[in-house]
Amino acid sequence: MATKVAPMATTKRERQKAARRQKLEQMERANKRRKNIRRGVIVAIVAALVVGSAALLFSSKSTPPTTTTTTTQSTTTTVATTTTTLPPISIGTIADPSPAGTFGKEPTMVIPPGAPPTKIESANLITGTGTVARDGDTLTVEYVLGTYSSRKVVQTSWTGQPFVVNGLNTTTVIPGWVYGVAGMRVGGRRELIIPPALGYGDSSPGGGISKNDTLVFIIDLEKVETP
């Protein structure tokens, strides 16, 4: 009589194989789902980045950048002191100036009578029409210098070479020159009376200048060079 064990065993094996195939199919489907989910997340992130970048780009094109502008207001004073630390001051007018003379020829200085002024004074003997002298400029000038202590001329550049100011500031000339020469035009002649505080103070540099002397200059401005 034939046995039925073999067919039963075969059926069992088939069921086991079928079960394994089913598990494998389920695992494959699960892997596919995970891959699809990851792919979807990546696509969403990339899309968000693209949209965000486009938004920023169009925003920057449509909206001009904000610029902070600092406005500096300038106050007009008697003299400019852009390259020095001198405070602005007012300059008086010489009541009894020297004769105007002729530009390019040595002037005649007359020291005003009476006590010297306590503040700087100025007078344009000849008004120039050329370049304006400003703080920091290099100037070529001719000058005569008189003092109240001597009541006469004690120095002059007219007997030698013109005097060159290598930068109109207090490191090259006395403060009275910075205040008094700024604003002159080439071709002009200006007389200055400079008190000791803006000159040499209580020191005597020699050359006929005494301590606490009040100085009188007549200056011809021949050339201005802007740095």
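Residues numbered from 1 in each chain as written. Predicted model: local features only at pLDDT ≥ 70, side-chain atom pairs only at ≥ 80, totals over all residues. Heavy atoms only, no water.

1. Description of the overall build of the chain
Step number 1: Of the regular secondary structure elements, the chain holds two helices and seven strands.
Step number 2: Put simply, the chain runs from its N terminus to its C terminus through helices and strands in the order α-β-β-β-β-β-α-β-β.
Step number 3: When each of the 227 residues of the chain is scored for burial, the buried share is 32%.
Step number 4: Put simply, of all contacts in the chain between residues at least 6 apart along the chain, 74% involve residues at least 24 apart. (Helix = DSSP H or I, 4+ residues; strand = E, 2+ residues; numbered from the N terminus. Buried < 20%, exposed > 50% of the residue type's maximum accessible area, 1.4 Å probe, protein only. Contact = heavy atoms within 4.5 Å.)

2. A closer look at the layout of surface pockets
Step number 1: The computed volume of the second largest pocket comes to approximately 160 Å³.
Step number 2: Lining the second largest pocket we find Y143, L145, Q155, F163, T172, V173, I174, W177, Y200, I209 and F217. (1 Å grid on protein atoms, 1.4 Å probe; cavity = no way out; pocket = protein on both sides within 12 Å on 5 of 7 lines; lining within 4 Å. Points joined across faces, edges and corners; volume = space filled by probe spheres on them.)

3. Digging into the nonpolar core
Step number 1: Of all hydrophobic cores here, the largest spans 26 residues; its most connected members are L139, W177, V181, I194, F217 and I219.
Step number 2: Of all the secondary structure elements, the ones that give two or more residues to this core are β3 (138-147), α2 (175-181), β6 (189-194) and β7 (215-225).
Step number 3: Per-element accounting of this core gives the leading share, five residues, to β7.
Step number 4: In this structure, M109, L125, V144 and I193 belong to the second largest nonpolar core, which totals eleven residues. (Core = buried A, V, L, I, M, F, W, Y, C linked by side-chain atoms within 4.5 Å.)

4. Quick word on the side chain of R189
Step number 1: You can see R189 is positioned in strand β6.
Step number 2: Assessed through its relative accessible area of 0%, R189 is described here as buried.
Step number 3: At 2.7 Å, the side chain of R189 forms a polar contact with the backbone oxygen of A100.
Step number 4: A polar side-chain atom of R189 sits 2.8 Å from the main-chain carbonyl oxygen of T102. (Polar contact = N/O pair within 3.5 Å; in protein donor to acceptor, adjacent residues only side chain to side chain.)

5. So, the environment of V173
Step number 1: Tracing the backbone through its elements, the reader meets V173 in the loop between β5 (163-166) and α2.
Step number 2: Classification of V173 by relative accessible area gives buried; the value is 10%.
Step number 3: Sequence-wise, V173 and G199 are 26 residues apart; in three dimensions their C-alpha atoms are separated by 9.1 Å.
Step number 4: Filtering out sequence-adjacent residues up to four positions away, V173 remains in contact with F163, V165, L168 and V178.

6. Here we look at the confidence of the model for the chain
Close reading of the predicted structure is inappropriate where its pLDDT is low.
Step number 1: Averaged over the chain, the pLDDT score is 79; the fraction of residues at 70 or greater is 69%.
Step number 2: Contacts from residues 1-10, a stretch scored under 50 in pLDDT, to residues over four places away or in other chains number zero contacts.
Step number 3: In the predicted structure, residues 46-83 sits below a pLDDT of 50 and forms 16 contacts with residues beyond four places in sequence or in another chain. (pLDDT = per-residue confidence, 0-100.)

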